[in-house]
Structures are given as structure tokens and as C-alpha cells.
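Structural characterization, general
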Amino acid sequence: MKTNAGRFFEDYRLGEVIVHAVPRTVKMGERALYHALYPARHALYSSDQFAQDCGLPFSPLDDLIAFHVVFGKTVPDVSLNAVANLGYAEGRWLAPVWPGDTLRSESTVIGLKQNSNGQSGVVYVRTRGLNQHDLPVLEYVRWVMVKKRDFAVAAPEAVVPDLAKSVAAADLVIPAGLDFSRYNFALAGEPHRLGDYAVGEVIDHVDGVTIEEAEHMLATRLWQNTAKVHFDATNRPDGRRLIYGGHVISLARALSFNGLANAQMLVALNGGAHANPCFAGDTVRAWSEVLDRAETSAPGVGAIRLRLVATKGAAGALRGADGKYLPEVLLDLDYWALMPV
Amino acid sequence: MKTNAGRFFEDYRLGEVIVHAVPRTVKMGERALYHALYPARHALYSSDQFAQDCGLPFSPLDDLIAFHVVFGKTVPDVSLNAVANLGYAEGRWLAPVWPGDTLRSESTVIGLKQNSNGQSGVVYVRTRGLNQHDLPVLEYVRWVMVKKRDFAVAAPEAVVPDLAKSVAAADLVIPAGLDFSRYNFALAGEPHRLGDYAVGEVIDHVDGVTIEEAEHMLATRLWQNTAKVHFDATNRPDGRRLIYGGHVISLARALSFNGLANAQMLVALNGGAHANPCFAGDTVRAWSEVLDRAETSAPGVGAIRLRLVATKGAAGALRGADGKYLPEVLLDLDYWALMPV
Amino acid sequence: MKTNAGRFFEDYRLGEVIVHAVPRTVKMGERALYHALYPARHALYSSDQFAQDCGLPFSPLDDLIAFHVVFGKTVPDVSLNAVANLGYAEGRWLAPVWPGDTLRSESTVIGLKQNSNGQSGVVYVRTRGLNQHDLPVLEYVRWVMVKKRDFAVAAPEAVVPDLAKSVAAADLVIPAGLDFSRYNFALAGEPHRLGDYAVGEVIDHVDGVTIEEAEHMLATRLWQNTAKVHFDATNRPDGRRLIYGGHVISLARALSFNGLANAQMLVALNGGAHANPCFAGDTVRAWSEVLDRAETSAPGVGAIRLRLVATKGAAGALRGADGKYLPEVLLDLDYWALMPV
């Protein structure tokens with residue numbers, strides 16, 4: 001059997017390091033496609049000149065391109081037999097990805113816990129994305145529920161890692177040279193600086209995008225994500241293709257430009273839930289809630305912690321009276337971004 | 001309210017200069033996407049070597065990429081609340097856009113005229129696209145009908161600019177170095193030179209393309225055009241997404257290769273009307289009428305003035321007995337292009 | 001009549017050389033689109049670093065990008081009036097295509113045979129793709145059935161070229177510098193080397209992809225292939241757009257990563273049949289059969305000859321009891337690829 005059937009729960013060992021296959025060189029073509037696939041307008045990722053005015057050599061690739069490429073490589077080894085993508089934690093972007101960089105991924109198994117039904121278990125991995133200089137550009141923890149191949153195999157000792165509720169502001173890595181002291185608000189698109197956002201403030205990002213099958217498949221393939229459910233209409237009994245959760249992340253982040261145009265660079269992923277599945281034909285909207293603000297050591301650069309929620313249908317509440325996500329909620333993401341103070 | 005609700009008629013002031021947000025660096029990725037989105041085959045925009053044989057350092061980005069990028073930036077400030085896109089005039093391409101250039105847009109309000117119903121008005125802007133050297137690459141006048149937010153606001157003094165019916169041949173800007181004296185007609189795809197086209201001649205471009213939702217949305221997003229009607233199927237009562245008029249321009253121009261393969265570079269946009277809306281599922285065809293011919297100062301380079309008409313359904317007549325565009329007419333565009341003499 | 005109506009059978013002359021129009025510079029944008037359009041994961045075409053570890057200066061463009069670009073240019077001259085694409089033979093990739101290369105195509109008519117009905121005939125062409133240094137990067141023979149414009153024109157003398165059943169291993173051209181002696185199987189994605197594949201072995205590539213209209217049109221346009229049937233839904237009585245056979249080739253080759261991740265570079269196209277038409281909505285799967293193995297002169301580099309079959313529906317048999325392709329078979333391709341020994 002030469003094809004990859006994916007790993008099952010009993011195939012993971014605590015402490016094991018998985019080298020994921022297919023390194024990828026990313027350049028301006030990936031950036032152009034990102035702009036075609038998502039209504040991305042953050043100026044620092046759109047204009048070399050704007051990025052240079054912010055102290056960078058030129059415009060880096062969108063932080064979510066880095067995320068998707070690093071994540072995509074892990075799919076054949078981590079989530080091909082996953083029943084559910086349960087959560088993210090302790091995610092940090094550690095260095096910008098420049099056009100021409102080559103990315104690869106490695107994951108360490110940091111937790112294992114078999115479910116009480118004995119048919120599946122939860123696998124926790126800490127994944128790192130590395131560039132061609134073997135320097136990390138991104139790391140995050142993700143945990144997924146994975147089926148067992150053989151229910152008779154004994155459960156491993158349960159180890160659940162102790163994960164931070166959010167990345168501390170002091171642990172955010174600011175890209176070398178970043179300087180917002182000459183930040184051009186007119187070209188960025190909005191006048192609001194960090195001080196203009198109050199903790200607890202909620203912003204409805206107004207715009208909506210109706211998703212087509214071709215779009216989410218182009219995107220998901222671009223990240224070399226091979227999960228069958230995204231591409232094969234015969235895979236589910238209802239004949240629908242499940243949209244990659246990362247597609248919704250990028251869509252919501254791009255929509256958040258309208259109200260958060262100055263939340264330029266992503267620096268941490270504190271947590272996230274894909275609350276409900278998304279399908280072609282859904283019209284995705286987004287809203288954000290300001291969770292925290294912080295200073296950084298870089299000139300003019302502050303950090304804003306945001307909850308980004310994507311919905312199908314009108315923006316509104318997040319959870320029902322039972323504490324569960326409402327059925328129209330697609331995504332609940334908690335992240336830090338850099339913003340001029 | 002941190003989000004952009006767009007400007008209303010009473011928000012414009014005569015003479016006001018609007019700096020549009022989100023500069024954009026365009027490179028080969030945008031060119032590749034342009035070739036995927038439109039059946040573009042003009043050799044000068046396809047081959048570095050062909051462009052070099054025409055005296056250019058390498059192949060510039062398609063003139064319509066420049067147009068769409070410059071136009072897209074104006075949408076949040078000019079046409080978010082537009083009821084109708086009424087016309088174009090005095091458009092000129094002033095310099096080629098090279099891969100790596102960063103484009104931004106500025107518009108000056110040159111005319112304002114409230115409608116007699118007091119609920120909307122016409123705004124005339126002259127838009128300039130500038131590159132990273134602050135040199136203009138494109139300018140054009142556009143007028144749109146914009147809603148009033150508050151009908152009670154008094155009408156401004158009506159000022160309607162005096163616009164040229166067409167750009168005079170003497171005012172066309174020929175790219176520096178352009179030389180068609182060694183033009184390779186075999187590689188360009190057709191043997192017809194300027195002298196082979198007679199004023200009044202009509203060319204049916206034969207081919208048709210059926211449009212998909214994913215395609216026009218990819219294109220429109222690529223130009224960072226944010227108009228809701230193109231993306232949000234819930235925006236109109238009929239659940240249809242209105243296709244960006246510029247998508248039809250690019251499609252028709254690309255189709256016009258078949259019969260006008262040597263109309264290489266666009267140098268002026270004399271006028272244009274988006275006669276009827278275009279929707280996914282429409283099969284677009286195109287025909288052209290030769291309106292004028294002119295000499296230029298560049299070696300071997302002539303100019304041809306063309307009417308480019310896009311239709312859904314068979315190519316045919318333009319206007320009915322009542323003088324109105326026939327319902328199958330999508331676009332009526334008047335432009336100058338450069339062609340070997 | 002300035003538009004191209006395409007050539008008919010009686011327009012071809014034996015020995016005639018046709019210079020195809022519209023040279024094309026291909027760069028990283030085309031590569032990014034290739035990764036978005038197909039689930040392509042072969043590491044040598046994904047990572048500059050991996051390619052460098054294999055002795056190449058950087059990652060070449062996918063061999064099928066070269067094929068599609070060269071093929072696309074021939075369509076207006078060879079297959080615009082083709083009734084059927086009958087076969088391929090003696091195809092060889094002669095040099096890698098690097099980002100920035102400019103490709104053009106030339107075809108020589110090497111065979112002509114009118115059909116007994118007097119209404120059409122078979123045209124055999126040997127097509128060469130050339131780069132900007134006038135060096136060949138690809139050559140192949142293709143034969144198509146072409147309609148006659150005027151049935152009364154006398155048949156030419158029938159000449160059917162004597163074509164090799166397959167390219168001999170000794171005639172395969174190995175890219176200069178290629179060296180698999182330090183090949184990284186972990187990064188490539190699978191441990192299987194040439195010696196692990198037995199002649200006669202069949203590999204089911206497991207995954208399936210459901211095709212959308214927008215995807216195959218984006219791809220086919222990207223290769224500047226102008227055949228009406230791919231784009232114009234009004235062209236066939238059933239309102240369906242016929243998918244470019246090359247789209248199925250690329251899809252099947254990309255799917256074959258799962259089981260053939262180390263079949264890195266294509267070096268010969270021995271033959272191929274587009275057995276049945278493919279339409280949007282079809283879910284494409286693929287299987288391969290090992291036909292032969294050979295050594296090469298390059299360090300660590302072997303060659304594997306493969307039959308690649310694409311199907312709509314489950315992978316299975318190829319031909320029925322009558323010797324004809326089963327209706328679910330889309331493609332039967334015979335090629336040589338390079339693989340570490």
C-alpha cells in the first residue's frame with residue numbers, strides 16, 4: 001500500500017516529532033491570489049512603499065498565507081482522519097514571510113487523551129513553520145479528535161498540556177525594524193489608532209461575501225491542504241463540500257478591514273473555534289470585539305487583542321442561552337494584531 | 001462608528017481632492033491572474049521578448065490592470081452609494097505600469113449637480129493613478145449618480161464640466177521607446193496593420209464566454225473593488241450579484257483579439273457606457289467598429305479609435321428605434337489603441 | 001474577414017511549418033495558479049530549496065505548465081475545427097522551463113489522411129516549444145481529426161507517420177545537473193524509490209476532486225487555449241462546456257502524488273487518449289499502473305514508465321469486453337517520469 005491513509009489515534013506517541021512533507025516556496029503569485037480570493041486591503045500587505053514607510057524592506061506575505069501554508073503541510077499527518085478540529089492556542093508569528101521564502105512544517109505531539117468511548121482520542125500538537133534558514137516563522141498548538149483504527153489497542157496514558165488562555169502581551173514578537181511613527185492613516189484607509197478602540201467595543205464589519213465552490217477549493221489547494229472533505233462532493237452523504245475553516249478565517253479577517261484597517265500585522269493566535277460548518281452559497285459576515293490593548297517596544301506600535309466572529313447571516317449574538325454557539329456562527333477567533341498607537 | 005458607510009451626495013465639495021486608500025504593488029502574479037480571468041492574448045502583454053522587440057524594457061502590465069487597480073481604490077470614496085455609473089471621458093494612459101510598481105489613486109471633484117427630485121445628484125471626478133515615483137500612469141473623468149443621506153440639505157451650485165467628446169489624437173501619450181518598425185505580425189497573431197482597417201468597418205469578434213460567479217468575484221476582489229453588489233448575493237431582492245462593469249470591459253477587450261490582435265496598447269478612453277447589467281450565466285460576445293485612425297510620432301506606430309461593444313447573446317445592433325441601447329448590449333466603449341502602421 | 005475561422009483539413013500541406021502566435025513569458029504567478037488549480041504537491045516543483053538539493057538552480061515550472069502553454073498556442077492553427085483529439089506520441093521534455101522564460105510554439109505537418117467519408121481528415125503535427133534562446137523545451141506529435149470546409153477538394157496523398165509506441169529509455173533527456181543522491185524522502189512525502197515499484201503494479205491514488213466550471217475555464221484561459229467548446233455554454237446543444245483534456249491530465253497527475261510522490265519530473269509522453277468527455281460536476285479520481293523501469297546516467301536518478309488513468313467515479317477497469325474504454329474513463333496517459341533509485 002503506497003498511498004497515505006493518514007494516521008489514526010494509536011499511531012501517535014507523546015514527544016514524537018513529525019517532519020511534514022512538501023516544502024513550499026511562496027512568492028508574489030501567492031500574494032496576488034490571496035488578493036483575488038479574499039477582500040484583503042490592509043495596506044502593509046498591499047504596498048511595498050507603505051511597508052517601507054513602516055520600516056520594513058518591502059511588503060511581507062499576509063500572515064495568514066504563512067499560517068495556511070504551515071497548516072496545510074500538517075494535514076496529511078495530523079488531520080486526515082480527524083473527526084473534529086477542536087482548538088488552537090499559544091499561536092505566535094515569529095518573523096515575517098518574505099516573497100521567495102521556502103516554508104516547511106514540523107509538529108511535536110504534546111498531548112494524547114483517548115475518549116471514553118474507546119473509538120477515538122484527542123491529539124495535541126505544537127506545530128512550527130520554518131523558513132529556508134531553519135528559522136521559525138510561526139508556531140501554534142492545535143488539537144484534533146482522531147479516529148482509532150483498532151478499537152482494541154490500549155489507551156495511552158492521558159496527557160493534556162497546560163495551555164495559556166492567551167499569549168501575554170510581553171511575549172508578542174514584533175518584526176525587526178517595524179516603526180509606525182510615520183504611519184500614513186490616509187493611505188491605510190481609516191483614522192482610528194489604538195487609543196480610539198475601547199476594550200469591550202464591538203465593530204460590525206458591515207460587508208458580506210457569498211462563497212462559491214471554486215473559490216474555497218482554489219484557496220485550499222493553494223495551501224496544499226489535502227483533506228478530502230473540501231474537494232470531493234461524493235465524500236459526504238449530502239453531497240456538500242465542507243469549506244476549510246482557514247478559508248473562513250481569511251475571509252473574516254479581510255472583511256474586518258472595514259473598521260479595523262489599522263490592525264495591520266497578526267502576531268498571536270490566542271484561540272479559535274470553528275463553531276459551525278460553512279458551505280458554498282453561505283454569505284459570510286464578520287464582527288469584532290476589542291478584548292485588550294497593550295504597548296510594545298517598537299516606535300509607535302501598539303497591540304490590540306480582538307475577538308473576530310464570522311457568521312452566515314446577520315452579525316449578532318455569539319452563544320445561545322445554553323452557552324453553545326448559535327447555529328449561524330462560523331468562527332470565533334481570538335488574536336493579537338499590531339496597530340499604530 | 002468606525003466603518004465606512006461611503007459618501008453621500010452632500011459630502012462632496014467642488015475642487016476637493018480625495019486621497020484614496022490602500023496603495024497596491026502589482027507584479028507578475030496579477031498578470032498571471034489576468035490571463036486566467038480573461039482570454040487575453042495581445043502579444044505585447046504576454047511576452048517580454050515581444051515587448052523588447054517593440055522597444056520596451058519588458059512586457060508591461062495590461063493597461064486594464066492599471067485601470068482596474070486605480071478605479072478600485074476610488075470605490076469606497078466615490079461609488080459606494082452610487083445608484084449608477086454614468087460615464088467616462090478624457091481618459092488617458094500616461095505611462096506603462098511595470099511589474100513591481102506601486103499604484104495609488106487621487107480624485108478631484110470637478111462637477112456637482114443635484115437631481116431635480118432632490119434625493120440624489122451627479123458627482124464628476126477626475127481620477128489620477130500615480131506610481132511610486134508620484135508620476136501619473138492614468139487619468140480619467142468619471143461621473144456617477146450618488147444618493148443623498150439627508151434630502152433636506154440644500155443643493156450645491158450646479159457645475160457640470162465641459163468634457164471632450166474624445167481625446168484628440170495629438171494628445172495621446174506614446175510610451176517612451178515604443179517602436180513598431182520590427183513588429184512581428186506572425187507572433188502577434190494577425191497580419192492586419194492600421195492601413196487595413198477602414199473607418200466604419202465593423203468586426204464581429206466571434207468568440208463567446210459564459211461567466212461564472214467565482215470568476216467575476218476573483219477579478220473584482222483582485223482590484224480591491226469593495227462594492228457590495230458584486231459579492232453579496234443577499235444585497236439585491238433577486239439574489240443576483242451584479243458583475244463589475246470593468247469585468248465586462250476586460251472580457252470584451254480580450255475577445256477583440258480575434259480581429260484586432262494588433263491593437264496592442266490602450267492609450268485613451270474617450271467614453272463608455274455600461275448599457276445593461278451583466279450577471280453570471282450570461283455568455284458575453286463582442287464586436288468593434290473602427291471610428292478613426294491617426295498617425296503618431298513613434299516609429300511604425302499608429303493609433304486606431306475603436307468602439308467596443310459587448311453583448312449577451314448574438315452580436316448585432318446597438319440601439320433600438322427609440323435611440324436606447326438594446327437590452328442585450330452590456331457595454332459601449334470608445335477608446336484609442338496603438339497599432340503598427 | 002479579419003477574424004480567425006481556423007484551418008480546415010484542406011488547408012494543411014505536408015511538410016509545412018506553422019509558426020504559432022502569442023509568445024508567453026511564464027513566471028511565479030503561473031506557478032501559484034497551478035497550485036491553486038490542481039492539488040500539485042511534488043516537492044521539486046514546490047520548493048526552490050528542494051530543487052537545489054536535487055542539483056537544480058531553483059524550482060522549475062511544472063512540466064505540465066510547459067506542455068499546456070506550448071499546446072495552447074497550437075489551438076488556433078491546429079484544432080479550432082477539430083472534431084476529435086486522437087492521440088499523442090513521441091513527446092519529450094527537453095529542458096526545464098524556468099520562471100521568466102518566454103515560450104513559443106512551432107508545428108510541422110508530418111501526416112495527412114483524408115477520411116473515407118470525404119468530409120474530414122486526420123492531421124499529424126510535430127510540435128516544438130521553444131524558449132527565448134530558441135532552444136527546444138518540449139516536442140510531441142499530436143494528431144487530430146479536422147473538418148473539411150469544401151468536401152469537393154481532392155484528398156491529398158495519404159501519409160501516416162510511423163510513430164514509436166513509446167519513447168526509448170535511452171532517448172530520455174535528463175535535466176542538466178539533476179542529482180538524486182541526496183534526495184530527501186521525508187520532505188518529498190513518501191519513502192518509495194524506483195526499486196519499490198514492480199512492473200504491473202497498480203496504485204489507486206485514493207483522492208477525488210469535483211470540478212467546477214470556473215476552475216477549468218481559469219486553467220484553460222491561463223494557457224491561452226481558445227477552443228470555443230471550453231468557454232461558451234451556447235456552443236453545444238446540451239449547454240455544457242467540454243473540459244480541456246489537459247485539465248484532466250494535470251488533475252490526474254496531481255492526484256497521483258498520493259502513491260507516486262517521488263515520480264518527480266516528466267520526461268516523456270509516450271501516448272495518450274482522452275477516452276470520454278469531462279464536464280463540470282464530475283468527480284475525478286486516478287489510478288496508475290507501472291509499465292516499465294529504467295536507469296539513467298544521472299546520479300541516483302531512475303526512470304519509471306507509468307500509465308495514468310483518470311476516471312469519473314470509482315477507479316476500476318479500463319476497457320470493456322468489446323475492447324473499448326469504459327464510459328467512466330476520462331484519460332489513459334502513458335509517460336516516463338524521473339524517480340530516485
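Because the structure is a prediction, the values reported are computed rather than measured. (Residues numbered from 1 in each chain as written. Chains lettered and ligands numbered in written order. Predicted model: local features only at pLDDT ≥ 70, side-chain atom pairs only at ≥ 80, totals over all residues. Heavy atoms only, no water.)

1. Quick notes on the overall build of chain A
Defined as follows: Secondary structure follows DSSP: runs of H or I at least 4 residues long count as helices, runs of E at least 2 residues long count as strands, and numbering of each begins at the N terminus. C-alpha atoms define the radius of gyration, and 2.2 Å times the number of residues to the power 0.38 defines the globule rule. Whether two residues touch is decided by their heavy atoms; if any such pair falls within 4.5 Å, the residues are in contact. Computed with a 1.4 Å probe, the accessible areas rest on the Shrake-Rupley method; for each residue, only the protein chains presented here act as cover. Positive charges are assigned to Lys and Arg, negative charges to Asp and Glu, while His and the chain termini are left out of the count. One atom stands in for each charge, and that atom is NZ of Lys, CZ of Arg, CG of Asp or CD of Glu.
Summing up its helical and strand segments, chain A has seven helices and 12 strands in all. For 341 residues, the compact-globule estimate of 2.2 N^0.38 gives 20 Å, and the C-alpha radius of gyration of chain A, at 20 Å, lies within 12% of that figure. Projected onto its principal axes, the C-alpha positions of chain A cover 65 × 45 × 35 Å. Summarising the internal contacts of chain A: among those between residues at least 6 apart in sequence, 78% fall at separations of at least 24. Summed over all atoms, the accessible surface of chain A reaches about 11300 Å², with 51% contributed by carbon and sulfur. For chain A, the centre of its 33 positive side-chain charges and the centre of its 37 negative side-chain charges are spaced 5 Å apart.

2. A look at the pattern of salt bridges
Note the following rule: In the sections that follow, a salt bridge refers to a side-chain nitrogen of Lys or Arg positioned within 4 Å of a carboxyl oxygen of Asp or Glu. Summary of the burial criterion: residues with accessible area below 20% of their type's maximum are buried, those above 50% are exposed, and those between are partly exposed, where the area comes from a 1.4 Å probe applied to protein chains only.
Applying the stated rule across the entire model yields 60 salt bridges over all chains. Measuring nitrogen to oxygen at the nearest pair gives 3.0 Å for the salt bridge that ties A:Arg126 to A:Glu90. Placement of the pair is A:Arg126 in strand E5 (residues 120-130) and A:Glu90 in strand E3 (residues 82-93), with a sequence separation of 36 residues. When its relative accessible area of 17% is taken as the criterion, A:Glu90 is described as buried. A salt bridge links B:Arg305 to B:Asp334; its shortest N-O distance comes to 2.5 Å. On the criterion of sequence distance, the pair formed by B:Arg305 in strand E11 (residues 301-312) and B:Asp334 in strand E12 (residues 329-340) is long-range, its members being 29 residues apart. With respect to burial, B:Arg305 and B:Asp334 carry one shared label: buried. Among the ionic contacts, a cluster of salt bridges with common partners joins A:Glu10, A:Asp11 and A:Arg149.

3. A look at empty space enclosed by the protein
Residues and elements named next belong to chain A. Spelled out, the test is: Here a cavity denotes grid points, spaced 1 Å and computed from the protein atoms alone, that fit a 1.4 Å probe unable to get out, and a pocket denotes an open set having protein on both sides within 12 Å along at least 5 of 7 lines; residues with an atom within 4 Å of a point are the lining. Grid points are joined across faces, edges and corners, and a volume is the space filled by probe spheres set on the points. When residue character is reported, Ala, Val, Leu, Ile, Met, Phe, Trp, Tyr, Cys and Pro are called nonpolar, Asp, Glu, Lys and Arg charged, and the others, Gly included, polar.
Here the structure, examined in full by the defined rule, presents nine cavities of 30 Å³ or more. Considering the residues around the largest cavity, the lining is formed by Leu 64, Phe 67, Trp 93, Ile 249, Arg 253, Leu 266, Leu 269, Leu 308, Leu 333 and Tyr 335. For the lining of the largest cavity, the secondary-structure elements that each account for two or more residues are helix H3 (63-78), helix H6 (245-255), strand E9 (265-274) and strand E12 (329-340). For the second largest cavity, the calculated volume is near 70 Å³. Asp 63, Trp 93, Leu 94, Ala 95, Pro 96, Val 173, Ile 174, Pro 175, Met 265, Leu 266 and Val 267 together form the lining of the second largest cavity. For the lining of the second largest cavity, the leading source of residues is E9, giving three residues. Per-class residue counts for the lining of the second largest cavity are 10 nonpolar, no polar and one charged.

4. Section: the relation of the copies chain C and chain A
Heads up, the condition is: All copies are superposed by least squares; the fitting set is the C-alpha atoms of residues with a pLDDT of at least 70 in both.
Superposition record for chain C on chain A: RMSD 0.0 Å, screw rotation 120°, translation along axis 0.0 Å. Look at the turn and shift together and you get a three-fold axis relating the two. Judged by C-alpha distance, C:Gly29 is the residue of chain C that lies nearest the rotation axis, at 2.3 Å. Here only 9% of the contact residues of chain C are again contact residues in chain A; the copies associate through non-equivalent surfaces.

5. Here we look at the packing of aromatic side chains
Residues and elements named next belong to chain C. Definition in use: Aromatic pairs are defined between Phe, Tyr and Trp rings, using the six-membered ring for Trp, whenever the two ring centres lie within 6.5 Å; interplanar angles under 30 degrees are classed as stacked, those over 60 as edge-to-face, and all others as tilted.
For the structure shown, the criterion picks out 33 aromatic pairs over all chains. Centroid distance Tyr 34 to Trp 223: 6.2 Å. Interplanar angle 55°. Geometry classified as tilted. One end of the pair, Tyr 34, is in helix H1 (residues 28-37); the other, Trp 223, is in the loop between helix H5 (213-222) and helix H6 (245-255), and 189 residues separate them in sequence. Grouping residues by exposure puts Tyr 34 and Trp 223 together as buried.

6. Section: the relation of the copies chain A and chain B
After a rotation of 120° and a shift along the axis of 0.0 Å, chain A superposes on chain B with an RMSD of 0.0 Å. When the interface residues of chain A are mapped onto chain B, a mere 9% of them are again interface residues, pointing to distinct binding faces.

7. A closer look at the packing of H3(A) against H6(A)
Residues and elements named next belong to chain A. Test applied: Note on method: axes are straight lines fitted to C-alpha atoms, helices fitted across the in-contact stretch only, with angles between N-to-C directions ranging 0 to 180 degrees. For classification purposes, an angle smaller than 35 degrees is called roughly parallel, one larger than 145 roughly antiparallel, one from 65 to 115 roughly perpendicular, and anything else oblique.
Look at H3 against H6: their axes get within 11 Å of each other, and the N-to-C directions meet at 180°. Compared by their axis directions, H3 and H6 come out roughly antiparallel. Where H3 abuts H6, its residues Leu 64, Phe 67 and His 68 lie against Gly 246, His 247, Ile 249, Ser 250 and Arg 253. In terms of residue class, the contact of H3 with H6 is made up of three nonpolar, four polar and one charged.

8. Describing the interface of chain C and chain A
To be explicit about the condition: Once two parts are joined, some of their accessible surface, as seen by a 1.4 Å probe, is lost; buried area is that loss totalled over both. Side-chain atoms alone can form a polar contact between residues adjacent in sequence; in general such a contact is a pair of N or O atoms within 3.5 Å, and within protein one must be able to donate a hydrogen while the other accepts it.
Between chain C and chain A, the residue contacts involve 44 residues of the former and 32 residues of the latter. Summed over both sides, the interface between chain C and chain A buries roughly 3000 Å², with carbon and sulfur atoms accounting for 57% of that surface. Among the residues chain C hides against chain A, the three largest losses belong to C:Ala36, C:Arg41 and C:Leu187. Together they make up 20% of the total. At the junction of chain C and chain A, the tally comes to six salt bridges. Viewed at the interface, chain A and chain C are joined by 21 residue pairs in polar contact (both at pLDDT 80 or more). For the side of chain C that touches chain A, the secondary-structure elements that each account for two or more residues are H1, helix H2 (48-53), helix H4 (185-188), strand E7 (202-204), strand E8 (209-210), H5, helix H7 (257-260) and strand E10 (283-295) of chain C. Ranked by residue count, the leading element in the side of chain C that touches chain A is H1(C), at eight residues. Classifying every residue of the side of chain C that touches chain A by side-chain character gives 20 nonpolar, 13 polar and 11 charged.

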